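Close look at the chain arrangement
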Amino acid sequence: MKIMDNCGACPTPSSLEAFNIIDTSATLAWFNTDSAMVLDVRYRPLGDTTWTLISGASNPFDLTGLAGCQDYEFQVEAICADTMSDFSNSYVFSTEGCCTAPEPITI
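What comes next is a walk through the structure.

Taken together, 4 strands build an open sheet; the order of strands is β4-β3-β6-β7 and the sheet is antiparallel. With partners counted over all chains shown, the strands left at the sheet margins are β4 (52–54) and β7 (91–94), one partner each. Going from strand to strand, the sheet's axes swing by 25° on average, the running direction of each strand aside.

Put into structure tokens, the structure is as follows:
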């Protein structure tokens with residue numbers, strides 16, 4: 001018996017991560033099983049109430065058009081032959097581009 005056999009016919013994607021993050025884009029990745037036929041990604045600025053849904057996303061997925069110096073969250077769901085998973089837990093990442101003031105200069 002495999003460990004994944006206890007996860008149902010369409011397990012929720014897991015192990016979400018974001019990398020290659022710059023001010024306007026990030027690469028998103030996750031673990032999903034072979035039973036997933038289609039993967040949907042949804043993302044939003046952290047604290048926003050409206051999700052942007054991307055249906056049929058590839059893994060990894062290059063997310064573009066982001067704002068600099070912004071916290072984002074994303075989730076993934078799997079659509080299998082005859083069922084679908086729940087959306088995963090959120091993964092939060094921050095884009096680059098924040099301008100931080102230097103520490104006070106002393107003489």
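We are not done yet, so read on.
In this section: the side chain of Ser 85. Residue position: Ser 85 is located in the loop between β6 (71–79) and β7. Among the residues examined, Ser 85 registers a relative accessible area of 6% and is labelled buried. Once you skip the residues sitting within four places of it in the chain, Ser 85 turns out to touch Cys 10, Pro 11, Thr 12, Pro 13, Glu 77 and Ala 78.

Scanning all chains against the criterion turns up 2 disulfides. Here Cys 10 connects covalently by a disulfide to Cys 80, the sulfurs 2.1 Å from one another. Measuring handedness by torsion sign, the sulfur bridge of Cys 10 and Cys 80 sits at about 80° and is right-handed. Within this pair, whereas Cys 10 is found in the segment before β1 (14–19), its partner Cys 80 is found in the loop between β6 and β7, the two being separated by 70 residues in sequence. Under the relative-accessibility criterion, Cys 80 is labelled buried at 7%. Across the protein, the way the bonded cysteines pair up, counted in sequence order, is 1-3, 2-4. For the unlinked cysteine Cys 99, the closest cysteine sulfur is that of Cys 69, found at 8.8 Å. Relative accessible area serves as the criterion here: at 79%, Cys 99 is assigned to the exposed category.

To continue, consider the side chain of Arg 44. For Arg 44, the position within the fold is in strand β3 (residues 38–45). With relative accessibility at 17%, the residue Arg 44 sits in the buried group. Within the local environment of Arg 44, its side chain forms a polar contact with the side chain of Glu 73, the two groups lying 2.7 Å apart. The contact partners of Arg 44, leaving out residues within four places of it in the chain, are Thr 49, Thr 50, Trp 51, Asp 71, Tyr 72 and Glu 73.

Reading guide: rules and limits
Residues numbered from 1 in each chain as written. Predicted model: local features only at pLDDT ≥ 70, side-chain atom pairs only at ≥ 80, totals over all residues. Heavy atoms only, no water. Pairing = 2+ DSSP bridges. Helix = DSSP H or I, 4+ residues; strand = E, 2+ residues; numbered from the N terminus. Axes fitted to C-alpha atoms, helices over the stretch in contact; angles between N-to-C directions. Buried < 20%, exposed > 50% of the residue type's maximum accessible area, 1.4 Å probe, protein only. Contact = heavy atoms within 4.5 Å. Disulfide = S-S within 2.5 Å. Polar contact = N/O pair within 3.5 Å; in protein donor to acceptor, adjacent residues only side chain to side chain.

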